[in-house]
Amino acid sequence: MKALSVIIPFYNTQEQLFRKCLSSLMCERVAEIEIIVVDDGSSTDFAKTLDDVVGAFDVPISVFRKANGGQNSARCYGVQHATGRYLFFVDSDDWVDTKALDEVLDILVKREPEILAFNYCVVDGEDRVIERHDRWSLEYASMDVKKGVLVTDSLCTQIYRADSIRVADFVQGVRIGEDLASAVRILLSIGEASTVGISLYRYVKGHASALSRPADDSLFDVAKAFEAIMSLPREATSPFGEEIEWLAICHVLFWNGVRIVQCCGPDDRLKERLFAWMEQVFPSWRNNSYFERDRKSRQLVFRLIVSGKWKAYCRLWRAKSVAGRLLGAVRK
């Protein structure tokens, strides 16, 4: 049995990004790694790109193909075919620190954690670090699960013991929030984790696309993702009620509120629907103690969106956008 199965969902990924992703896995202990790529219904050209890139590597790489069903659908397909003791989910346009991967493998073999959380960086297309997310101290330690709930926003920043994973904990059917909700569901279901301050993952930040108005139902996908978290047994969620509620305030009310305003303008109907959802699912959200503890709550944009002053935020956002364009023109 391999120590680690790396599961890579692939959907129309550019050749250079996918090649870098696979290259980064070629650590000294690569013989202990099973690499699984799941093509989630890519177009013919990109499917050929996948085969060409995989064929250039000397190590065995398993490729599976399925109809398009979304990122978590591809991950679940990979889980069902994985044979490694641990599971690591890597997106096909991201990469890992190759040396750090050797260090992490050593920890998995020696320490045998249920979940191992690690640090990560956000990088641009030239591999320059934009953000460092140093959430965990360097020494291997038991996780404070309350902190874990607050910061566990992606399946890619933890490695999971394969026999502890249930496919039912992967949220599917929504395109926004499924990663965060799945990671939180798995953490709460297992109930324990370990951490190490190794910076392993590199999330590649792409260029922002032009905003257009999506279908109204998709604007509430992240709320549906949180409903999946709340569907866990009460004994799993109740010790972390404030943390889950704060996550909902940040992701459903704030980040999704920003998305709605930027896509649709300060639509009163959508705002009322969003706040009604918060009142129904988290009726005491305004009394959450993290309003006093988290510095995010003191930021102007956060205060405007969460207090429902969407028109004021819209004016601020548009003014900043105009100023940014003018500054860019001056620099040219």
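No experiment lies behind these values; they were computed from the predicted model shown. (Residues numbered from 1 in each chain as written. Predicted model: local features only at pLDDT ≥ 70, side-chain atom pairs only at ≥ 80, totals over all residues. Heavy atoms only, no water.)

A. Seen up close, the packing of aromatic side chains. Inspection of every chain in the model, using the stated rule, returns 15 aromatic pairs. With a centroid separation of 4.7 Å and 50 degrees between ring planes, the pair formed by Phe-254 and Trp-255 is classed as tilted. Residue classification places Trp-255 among the partly exposed positions, given a relative accessible area of 47%. The structure contains a cluster of three or more aromatic residues connected by ring pairs, namely Trp-246, Phe-254, Trp-255, Phe-275, Trp-285, Tyr-290, Phe-291 and Phe-302. Lying across the ring of Tyr-290, Arg-293 places its NZ or CZ 4.0 Å from the centre. (Phe/Tyr/Trp six-rings, centres within 6.5 Å; stacked < 30°, edge-to-face > 60°. Buried < 20%, exposed > 50% of the residue type's maximum accessible area, 1.4 Å probe, protein only. Lys NZ or Arg CZ within 6 Å of the ring centre and 35° of its normal.)

B. Region of the structure containing the pattern of salt bridges. Per the stated rule, a full pass over the model turns up 21 salt bridges. The closest approach of N and O atoms between Asp-52 and Lys-48, which form a salt bridge, is 2.9 Å. Note that Asp-52 and Lys-48 are positioned in helix H2 (residues 44–55) at a spacing of four residues, about one turn of the helix. Here Asp-179 and Arg-75 are joined by a salt bridge, their closest N and O atoms 3.1 Å apart. Pair noted here: Asp-179 is in helix H6 (residues 178–190) and Arg-75 is in helix H3 (residues 71–81), with a separation of 104 residues, a long-range link. There is no split in this pair, since Asp-179 and Arg-75 are both buried. One continuous salt-bridge network, built from bridges that share partners, spans Arg-29, Glu-32, Asp-106 and Lys-110. (Salt bridge = Lys/Arg side-chain N within 4 Å of Asp/Glu carboxyl O. Helix = DSSP H or I, 4+ residues; strand = E, 2+ residues; numbered from the N terminus.)

C. Broad picture of the state of the cysteines. Taken as a whole and judged by the stated rule, the model has zero disulfides. Looking at the unpaired Cys-314, the closest cysteine sulfur is the one in Cys-264, lying at 11 Å. (Disulfide = S-S within 2.5 Å.)

D. Focus on helix H7 (residues 221–230). Burial analysis of H7 places seven of its 10 residues in the buried class, the great majority of the element. Within H7, the full set of buried residues consists of Asp-221, Val-222, Ala-223, Ala-225, Phe-226, Ala-228 and Ile-229. Those residues of H7 that are buried are in contact with H6, helix H8 (234–237), helix H9 (241–264) and helix H10 (268–281). (Contact = heavy atoms within 4.5 Å.)

E. Spatial organisation of helix H1 (residues 15–23). Along H1, the positions that sit buried rather than exposed are Phe-18, Cys-21 and Leu-22. For H1, the angular spread of the buried residues around the axis is 90 degrees, confining them to a single face. In this structure, the buried side of H1 is in contact with strand E1 (4–10), strand E2 (33–40), H2, strand E3 (61–66) and strand E5 (95–96). (Arc of directions from axis to C-beta.)

F. Structural view of the pairing of strand E4 (residues 86–89). Along E4, one buried face is formed by Tyr-86 and Phe-88 and the opposite face, lined by Leu-87 and Phe-89, is buried too. Of the strand pairs in this sheet, E1 and E4 are connected by four bridges, and their pairing is parallel. Opposite Val-6, over in E4, you have Phe-88 as the bridge partner. Of the pairings in the sheet, the one linking E4 to strand E9 (residues 158–161) comprises three bridges and is antiparallel in character. Bridge assignment links Leu-87 to a residue of E9, and that residue is Tyr-160. (Pairing = 2+ DSSP bridges.)

G. Representation of the side chain of Asp-94 within the structure. Structurally, Asp-94 is set in the loop between E4 and E5. Within the buried set, Asp-94 has no salt-bridge partner at all; the shortest N-O distance to an opposite charge, 7.4 Å, is to Arg-75. Dropping the residues within four chain positions of it, Asp-94 is found in contact with Cys-21, Tyr-201, Arg-202, Tyr-203 and Val-204. (Lys, Arg positive; Asp, Glu negative; His and termini not counted.)

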